[in-house]
Amino acid sequence: MHLLPFAWLVLGCVFCFCQAAPTNDDDFVTYSEFQVWKITTRSNEENKLVLQMIRHYGFEAWKDSDAISAPIGVLIPPPFLEEMKLKLAATNISYEVEISDLQTAINDENASINVSAITTKMAHKMDWTSYHRLDDIYGYLKYLADTYPKLVRLIDIGTSYEDRPLYVVRISNSSSPDTQPAVWIDAGIHAREWISPAVATYILHQLVEEPTNAGLLLNVDWYIMPIMNPDGYEYTHMKNRLWRKTRSKTSSKKCRGVDANRNFGYQWGGAGSSRDPCAIKFRGANAFSEPETLATSNFITEKSKQIKLYLTLHSFGQVFLLPWGHSVTYPSDYDEMKSLAKNAASKFKRYKYRVGNLAAVLYRASGNSADWAKSIGIDYSYTVELPAKDFLLPASRILPVSQDFFPALEVFAAKVATLKVTYSFPA
Ligand code: 0X9
Ligand code: ZN
């Protein structure tokens with residue numbers, strides 16, 4: 001059943017910072033006539049007023065920055081469009097309609113599908129001109145491991161809530177892998193941020209299949225997990241394009257899923273996370289309640305002497321975020337972390353990124369993965385918000401975004417290659 005716009009009225013709390021929640025979780029969610037507005041406030045008072053309205057109606061804010069000057073993106077269901085227009089006009093607050101019909105934008109996003117690979121029995125179906133389903137992505141990982149056995153190992157680190165495998169790809173040209181310093185990259189923690197797994201698989205492709213990048217493998221191992229939340233990812237393809245969380249059952253019968261980026265076990269439960277299972281930033285019943293975050297953290301912990309740099313890919317915002325995210329405080333080596341990120345960001349030609357502390361630049365996010373990685377002693381830990389205007393990004397932008405991002409890895413690899421692996425020998 002497609003939920004018609006008027007059904008949102010009947011459902012009562014529609015968007016209450018909650019994930020769009022159809023009555024039946026198997027329903028396809030349409031965003032027909034939903035709009036995304038960019039509201040710009042000019043003073044503290046205006047900012048407060050807008051945030052109050054968002055809270056009052058239970059709308060979802062797309063990037064609710066703490067900074068007053070930052071425009072607030074708001075997802076507005078059709079029944080509230082007129083009322084919001086009038087309210088903003090009455091208070092003289094300006095806004096732009098960024099997306100006038102969200103479902104059309106969703107339909108257009110991934111319009112081009114890779115027909116050639118489907119019809120011509122290629123070894124894999126991966127390309128970077130469309131967003132792919134999980135099977136294609138996992139098929140590509142297997143293809144890489146089969147085709148380049150000396151370089152690539154596919155590591156199954158566990159299973160998701162719905163029993164899908166969780167894969168990490170190790171790339172190493174060392175005769176004794178696991179002894180070199182390593183870079184970790186993960187993507188797809190948030191299901192709807194499709195550009196993130198797309199960039200992660202592009203990175204895999206470049207590191208493994210492009211001989212001119214061999215220098216990046218000198219003295220450095222790579223661990224890449226292109227999809228940390230495969231259940232959520234599939235759900236965004238099949239049912240609800242804007243799903244963010246995992247798909248686990250919660251204490252609430254009507255609301256599923258945990259925000260995996262609030263579920264890591266460092267400062268879990270603090271500011272910027274919610275105890276409400278229906279909230280979009282639901283932290284889970286306890287730290288690492290999700291099989292996805294638990295398996296990932298176990299794997300990283302096991303390799304924590306080797307992994308020197310943790311990079312987690314999100315969208316959107318064009319920013320490198322540094323710990324801590326749980327509060328506006330800074331690790332003692334913040335300046336060192338920041339200067340490396342600035343160097344990396346200086347490689348970007350097309351899209352300019354900001355570099356800064358997560359809580360200061362954006363908002364607080366207790367239980368996020370990058371804070372946790374830093375807390376277990378990984379020297380460099382970054383959250384990257386890739387470029388996009390919002391959570392949708394036309395597939396034609398996958399390549400430009402990926403190509404622009406890739407050179408940053410040279411800076412990271414060069415630094416990591418100079419760091420020593422600290423072994424803990426058994427007594
Ligand atoms: O809220 C989040 O989890 C991130 N933004 S997003 O729009 N991609 O959801 C920002 C915080 C992430 N911070 C770290 N992982 N350090
Ligand atoms: Zn995210």
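The model shown is predicted, which means the values in this text are computed figures rather than measured ones.

It is worth spelling out the nonpolar core at this point. Nonpolar side chains tend to gather and get buried jointly when the protein is soluble and globular. Counting 81 residues, the largest nonpolar core has Leu102, Trp222, Leu311, Leu313, Phe320, Tyr382 and Phe405 as the members making the most contacts within it. With nine residues, the single largest contributor to this core is helix α7 (residues 195-209). With 22 residues, the next largest nonpolar core counts Ile157, Ala182, Ala260 and Ala373 among its residues.

This next bit is on the packing of aromatic side chains. For the structure on display, the rule yields 29 aromatic pairs. In textbook terms, an aromatic cluster arises when at least three aromatic residues are bridged by ring pairs, as seen for Phe320, Phe348, Tyr353, Tyr382, Phe405 and Phe412. One cation-aromatic arrangement involves Arg247 over Trp243; the distance from NZ or CZ to the ring centre is 4.7 Å. Directly above the aromatic system of Tyr363 lies the positively charged group of Lys281, at a separation of 4.0 Å from the ring centroid.

With that out of the way, let us pick up the environment of Phe264. Along the chain, Phe264 turns up in the loop between α8 (230-238) and α9 (291-302). Here Phe264 falls in the buried class, since its relative accessible area comes to 1%. Along the primary structure Phe264 and Arg283 are separated by 19 residues, whereas in three dimensions their C-alpha atoms are 8.6 Å apart. Discounting chain neighbours no more than four positions away, the residues touching Phe264 are Met228, Ala287, Phe288, Thr293, Ser297, Gly367, Asn368, Ser369 and Trp372.

Once that is clear, we can look at the confidence of the model for the chain. When pLDDT is low, close inspection of the predicted coordinates is not appropriate. Summarising the model, the chain shows a mean pLDDT of 90, and 89% of its residues fall at 70 or more. The low-confidence segment residues 1-18, where pLDDT is below 50, has 49 contacts with residues more than four positions distant or belonging to other chains.

For the rest of this paragraph, the subject is unusual backbone geometry. The omega angle of the peptide bond from Ser315 to Phe316 is 10°, so this bond is cis rather than trans. Inspection of the secondary structure puts Phe316 in the loop between β9 (307-315) and β10 (319-322). Cis geometry is adopted by the peptide bond preceding Trp324, which originates at Pro323 and carries an omega value of 0°. Position of Trp324 among the secondary structure elements: in the loop between β10 and α10 (334-345). Here Asn92, not a glycine, exhibits a phi torsion of approximately 65°, which is positive. Mapping Asn92 onto the fold places it in the loop between α3 (81-91) and β4 (94-99).

A few words on the coordination of the zinc ion (ligand 2). The protein atoms that coordinate the zinc ion (ligand 2) are His190 (ND1), Glu193 (OE), Glu193 (OE) and His314 (ND1), at distances of 2.0 to 2.3 Å. Mapped onto the sequence, the donors of the zinc ion (ligand 2) take the spacing H-x2-E-x120-H. In this pair, His190 sits in the loop between β7 (182-187) and α7 while His314 sits in strand β9, placing the two residues 124 residues apart along the sequence. Here His190 matches His314 in class, with each residue buried.

Now for the pairing of strand β11 (residues 354-357). Bridge count for β10 against β11 is four bridges, and the pairing is parallel. Within β11, the residue paired with Leu322 across the bridge is Asn357.

What counts as what
Residues numbered from 1 in each chain as written. Chains lettered and ligands numbered in written order. Predicted model: local features only at pLDDT ≥ 70, side-chain atom pairs only at ≥ 80, totals over all residues. Heavy atoms only, no water. Core = buried A, V, L, I, M, F, W, Y, C linked by side-chain atoms within 4.5 Å. Buried < 20%, exposed > 50% of the residue type's maximum accessible area, 1.4 Å probe, protein only. Helix = DSSP H or I, 4+ residues; strand = E, 2+ residues; numbered from the N terminus. Phe/Tyr/Trp six-rings, centres within 6.5 Å; stacked < 30°, edge-to-face > 60°. Lys NZ or Arg CZ within 6 Å of the ring centre and 35° of its normal. Contact = heavy atoms within 4.5 Å. pLDDT = per-residue confidence, 0-100. Donors = N, O, S within 2.8 Å, 3.2 Å for Na, K, Ca; no water. Pairing = 2+ DSSP bridges.

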